[in-house]
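Descriptive analysis of the structure
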Amino acid sequence: MKKKVAVLISGRGSNMRALIEAALAADYPADIVRVISNRPDAGGLAHAAEAGIATDVVDHTAFLGRDKFEAELDRRLKEAEVELICLAGFMRLLTSRFVDAWKDRLINIHPSLLPAFPGLDTHARALAAGVRFTGCTVHFVRTEMDAGPIIVQAAVPVLPGDDEERLATRVLEAEHLAYPLALALVAGGRASVRGDAVVIDGAAAPTGFLLNPAAI
Ligand code: GRF
């Protein structure tokens, strides 16, 4: 049985698109049953609707306080019989009540190699720190922002001449591979949380290592 998944967005939804596309494959273990935005003007909503996916808006500005907003979100998720939630550029912090209620069924993608650079402006901060690799992380959500057991990471080299935009573009490409992979592992029952880490059952491991710069 495919797992029923909701994708929560606030903006353009390119990761949402990647998940929708991946889930078209007959053997993909998840079905995207609903896309929910907290912003009525989120660009991703139109794409989801075009793809034939039910969309919903739960506008946070219409609620007095986070608890009421999240209670409504939770109600809509249950109504759609959602089993797993993917946050994809969802720009609201979730309270511990919501996060605990969806523990290990709530996934997020962040554009850095966590635990480095949680929060905003990750690419600018990676460039300023002079790291030779950055990337993205798909992880189970915990109450602290951008923390939680890591499911998949993609390493992206920082290249000479990179600015925030160029780096963001390459990391985003990696995000579009990492998120569908992570969701497949979770929905397929192959990613289990053990303490603060995730154990992956039977997936191919990468070989070798990357150097940056690659050679003289
Ligand atoms: C992505 O970089 C994601 O990692 C971060 O927000 C951005 C959302 O982009 N959490 P999109 O809406 O999926 O295109």
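Provided above is the structure to which this section pertains.
Attention here is on the structure that accompanies the text. (Residues numbered from 1 in each chain as written. Predicted model: local features only at pLDDT ≥ 70, side-chain atom pairs only at ≥ 80, totals over all residues. Heavy atoms only, no water.)

Within a regular strand, the side chains alternate between the two sheet faces. The buried fraction of strand S1 (residues 3-9) amounts to five of the seven residues, a majority that puts the element mostly inside the structure. Note that S1 and strand S2 (residues 30-37) share seven bridges and pair parallel. Counted as the bridge partner of Lys4 is Asp31 from S2. The handedness of the S1 to S2 crossover, carried by helix H1 (residues 14-22), is right-handed. Here four bridges tie S1 to strand S4 (residues 84-87), and the two strands are oriented parallel to one another. Bridge assignment links Ala6 to a residue of S4, and that residue is Ile85. (Buried < 20%, exposed > 50% of the residue type's maximum accessible area, 1.4 Å probe, protein only. Helix = DSSP H or I, 4+ residues; strand = E, 2+ residues; numbered from the N terminus. Pairing = 2+ DSSP bridges. Right-handed = clockwise from strand over helix to strand, strands pointing away.)

The subject of this paragraph is the side chain of His139. Here His139 is to be found in strand S6 (residues 133-140). Every residue in contact with His139, bar those within four places of it in the chain, is listed here: Leu106, Ile107, Asn108, His110, Leu114, Asp146, Ala147, Gly148, Pro149, Ile150 and Ile151. (Contact = heavy atoms within 4.5 Å.)

With that settled, consider the pairing of S2. For S2, a buried count of six out of eight residues is recorded, marking the element as mostly surrounded by other parts of the structure. Once the chain exits S2 it traverses helix H2 (residues 44-50) before rejoining the sheet at strand S3 (residues 54-57), and the crossover so formed is right-handed.

Now for the pattern of salt bridges. Taken as a whole and assessed by the stated rule, the structure comprises twelve salt bridges. Among the ionic pairs, Asp74 bridges to Lys78, the shortest N-O distance being 2.6 Å. Here the residue Asp74 and the residue Lys78 both occupy positions in helix H3 (residues 66-79), the gap between them amounting to four residues, near one helical turn. Overall, the relative accessible area of 16% leaves Asp74 in the buried class. The residue Glu79 makes a salt bridge to Arg75 at a minimum N-O spacing of 3.4 Å. (Salt bridge = Lys/Arg side-chain N within 4 Å of Asp/Glu carboxyl O.)

Keep in mind that these numbers describe shape and distance, not what the molecule does.
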